Amino acid sequence: MYDLAVLGGGPGGYVAAIRGAQHGLKVLLVEKDALGGTCLNRGCVPTKSFIHDVKLLQAARTSQVLKNTGNISIDAAEMLNRKRKVVNTAVAGIEKIMQSHGIEIARGRGELLAPKKWKVTGPDGGSKEVEAKHVILATGSQPSSPPFIHVDGHFVQTTNEALDCEEIPKTLIIIGGGVIGLEMAAIYRILGCEVTILEMLPDIIINEEAEIRRAMKITMEQQGVSLRLQTTVKEVAVKEGKVRVLYEVGKTQAQSQNADRVLVAAGRSPVLDGIDQTGLGLAMVNTRLETNLTGVYAIGDVVGGTMLAHKASAEGETAVANIVGKRKSFNPGLVPRCIWGLTEVGSVGMTEQEARTAGHKVRIGKFPYMNSAAAQAMEDINGLVKVVGDSESGEILGVHIIGSHATDLIGEAVMAMTMESAVEDLAAVIKPHPTLSENVMEAALDWSGLAIHSPKKG
């Protein structure tokens, strides 16, 4: 019998398996595909590889000091090959690490038969039953697509297909203005594609701070991305080598638009393959990641909420901590949210509106990138850091950043909030100069009206 069996080898599952082995548990991990899950193989890592490449192109094209940049272009085939090398290297690295910990990896489909009993069916169709004292369900998620849209993998794609395709369309329609849609729009737009985003909601990245959303929209429109909000797609049809999308904007008459390709970025849904919720009587988790079945835990995208790799990893560590008797709870309010689009977004905690709705007496601190010497030197002055704090207690309620390296900078805020620091503590740290990290400090100083590199408040 195993001490721990993990179903799914994504960023939640493999982290849980490694952490369990570090605690001396005998661990089995079941994975039917490549280790690393969606994030590493078909999601965030491939996307970041492409973003890195296209940002190099964009930086060269917009440089004030480089010459003869008009003829610079990207080799799409080599960009795809580099992505594959990045992914393959990381997958091999994870497998080597797991082997070093003595973790047994079972290739195939896992099925939970009972709280302590599994069935593993291998690629050859052969199956065996295994027992484990504890079980972690980490089956992840998959792209969602409206039932009337047929994803053929070529004309109509999800990120699964788009991130492994070297063909760059001349025109692209993206259905969905969330994180996935914005990141894919950035890649294709910098590569020269005409991009239109159709979003059903009244705004893009709807859960982010209003000022961040507004700044992102301005950036995208300045870069030539067409945004159509409150738009309902009615039909997607392929005809004569083009994709025709029929949609309504608000309550207006239906309109249509043709494109070389359509990317469906309408969110993701949990994968429940091998988990018979009804038959098992399984209900999802509490803050300790326990289900209602003794010894069975669930983590990552399968439990819903914000579907992020680092959230899944943190939940995996929390689940294992509880398995070994440490009684640990998971706090979703400390999960940073990141976007790598035409500009970066990093945020954690409550928006200003959420904080006010929750009854806090809110005070705001802001610092624009344009006031930063580092941002000026980097030729990237479009950005903002916004700190939302409780005016009475000084509690950091949320931090929201848009601009270069925002996804790195938000880590400072997460650390401060995890340590239960006050806004004044975030302001008191000595930062190296000239760096963008000073922007976080200055926004915290501005919360008290003490920002150095901003004009005196009126």
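To keep things clear, this report deals only with the structure shown in the data block.

The rules we used
- Residues numbered from 1 in each chain as written.
- Predicted model: local features only at pLDDT ≥ 70, side-chain atom pairs only at ≥ 80, totals over all residues.
- Heavy atoms only, no water.
- 1 Å grid on protein atoms, 1.4 Å probe; cavity = no way out; pocket = protein on both sides within 12 Å on 5 of 7 lines; lining within 4 Å.
- Points joined across faces, edges and corners; volume = space filled by probe spheres on them.
- Helix = DSSP H or I, 4+ residues; strand = E, 2+ residues; numbered from the N terminus.
- Nonpolar A, V, L, I, M, F, W, Y, C, P; charged D, E, K, R; others polar.
- Buried < 20%, exposed > 50% of the residue type's maximum accessible area, 1.4 Å probe, protein only.
- Contact = heavy atoms within 4.5 Å.
- Phe/Tyr/Trp six-rings, centres within 6.5 Å; stacked < 30°, edge-to-face > 60°.
- Lys NZ or Arg CZ within 6 Å of the ring centre and 35° of its normal.
- Pairing = 2+ DSSP bridges.
- Axes fitted to C-alpha atoms, helices over the stretch in contact; angles between N-to-C directions.
- Right-handed = clockwise from strand over helix to strand, strands pointing away.
- Patch = residues over 30% accessible without salt bridge, like charges linked within 9 Å, V, L, I, M, F, W, Y side chains within 5 Å.
- Areas by Shrake-Rupley, 256 points an atom, 1.4 Å probe, with all protein chains shown as cover.
- Salt bridge = Lys/Arg side-chain N within 4 Å of Asp/Glu carboxyl O.
- Expected span 1.5 Å × (residues − 1).
- Core = buried A, V, L, I, M, F, W, Y, C linked by side-chain atoms within 4.5 Å.

### A few points about the layout of surface pockets
- Size it by volume and the second largest pocket reaches roughly 1200 Å³.
- Q58, L342, T343, D380 and S404 are the residues nearest the centre of the second largest pocket, which is lined by 37 residues in total.
- Elements with a contribution of two residues or more to the lining of the second largest pocket: α3 (44-62), α7 (210-222), β20 (362-368) and α12 (406-418).
- Per-element accounting of the lining of the second largest pocket gives the leading share, eight residues, to α3.
- Across the lining of the second largest pocket, the residue classes break down as 13 nonpolar, 16 polar and eight charged.

### Here we look at the environment of M284
- Residue placement: M284 occurs in the loop between α8 (277-280) and β17 (296-298).
- On the basis of relative accessible area, M284 is assigned to the partly exposed category, the value being 29%.
- If sequence neighbours within four positions are ignored, M284 has contacts with L272, Q277, E290, T291, A298, V302 and V303.

### Some points on empty space enclosed by the protein
- With the rule as written, the count across this model stands at two cavities of 30 Å³ or more.
- Considered as a void within the structure, the largest cavity measures approximately 90 Å³ in volume.
- For the largest cavity, the lining is made up of 14 residues, of which F50, M79, A162, C165 and I168 are closest to its centre.
- Contributions of two or more residues to the lining of the largest cavity are made by α4 (76-100) and α6 (179-190).
- There is about 40 Å³ of room inside the second largest cavity.
- Lining the second largest cavity are P143, S144, T158, T159, I180, V264, A265, A266, G267 and R268.
- A per-class count over the lining of the second largest cavity returns five nonpolar, four polar and one charged.

### Section: the packing of aromatic side chains
- Scanning all chains against the criterion turns up zero aromatic pairs.
- The cationic tip of K26 hangs over the ring face of Y2; the distance from NZ or CZ to the ring centre is 5.0 Å.
- Taking the ring centre of W447 as reference, the NZ or CZ of R363 above it sits at 3.9 Å.

### Some details on the sheet that holds strand β14 (residues 255-259)
- Strand order across the open sheet formed by three strands is β12-β13-β14, with antiparallel pairing between neighbours. Looking at strand neighbours, the two that pair on one side only are β12 (231-239) and β14, the edges of this open sheet. Across the sheet, the mean angle from the axis of one strand to that of its neighbour is 25°, orientation sign disregarded.
- Both strand β13 (residues 242-249) and β14 contribute to a ladder of five bridges, which runs antiparallel.

### A look at the sheet that holds strand β18 (residues 337-340)
- On the basis of which strands lie adjacent, the open sheet formed by five strands has the order β18-β19-β22-β21-β20 and antiparallel pairing. Each end of this open sheet is capped by a strand with a single partner; those strands are β18 and β20. Here the average twist between neighbouring strands, direction ignored, is 10°.
- With five bridges joining them, strand β19 (residues 344-349) and strand β22 (residues 396-402) adopt antiparallel strand pairing. The residue bridging V345 from the neighbouring strand is I402, located in β22.

### What about the pairing of strand β9 (residues 171-175)?
- Burial runs high along β9: five of the five residues are buried.
- Strand direction decides the pairing type here: β9 and strand β10 (residues 194-198), joined by five bridges, are parallel. Bridge pairing in β10 links L172 to V195.
- For the crossover that starts at β9, traverses α6 and ends in the parallel β10, the hand is right-handed.
- Bridging between β9 and strand β15 (residues 261-264) involves four bridges; their strand directions are parallel. Within β15, the residue paired with I174 across the bridge is L263.

### Here's the deal with a nonpolar patch on the surface
- Together, M200, L201 and I206 line one region of the surface with nonpolar side chains, adding up to about 270 Å² of accessible area.
- Looking at where M200 falls in the secondary structure, it is placed in the loop between β10 and α7.
- Since its relative accessible area comes to 56%, M200 is described here as exposed.

### Concerning α6
- A rise of 1.5 Å per residue sets the reference length of α6, with its 12 residues, at 16 Å; its end C-alpha atoms lie 17 Å apart and thus fit the reference within 8%.
- Of all 12 residues in α6, nine are buried, a share of seventy percent or more.
- Among the residues making up α6, those that are buried are G181, L182, E183, M184, A185, A186, I187, Y188 and I190.
- A positive backbone phi angle near 100° is found at G192, which sits one or two residues after α6.

### Section: the nonpolar core
- I174, M184, V195, I197, M216 and M220 are the most contacted members of the largest nonpolar core, which totals 35 residues.
- Setting aside residues up to four positions removed in sequence, M184 forms contacts with T159, A162, L163, I174 and L263.
- The next biggest cluster of nonpolar side chains, apart from the first, holds 29 residues, and it includes I18, V91, I94 and L289.

### So, helix α9 (residues 309-323)
- For α9, which comprises 15 residues, the first-to-last C-alpha distance of 21 Å matches the rise-based estimate of 21 Å (1.5 Å per residue) to within 8%.
- Burial analysis of α9 places 11 of its 15 residues in the buried class, the great majority of the element.
- Of all the positions in α9, only K311, A312, S313, E315, G316, T318, A319, V320, A321, N322 and I323 are classed as buried.
- Contacts from the buried residues of α9 go to β1 (2-7), α1 (13-22), β6 (127-137) and β17.
- Two residues or fewer after α9 comes G325, characterised by a positive phi angle close to 90°.

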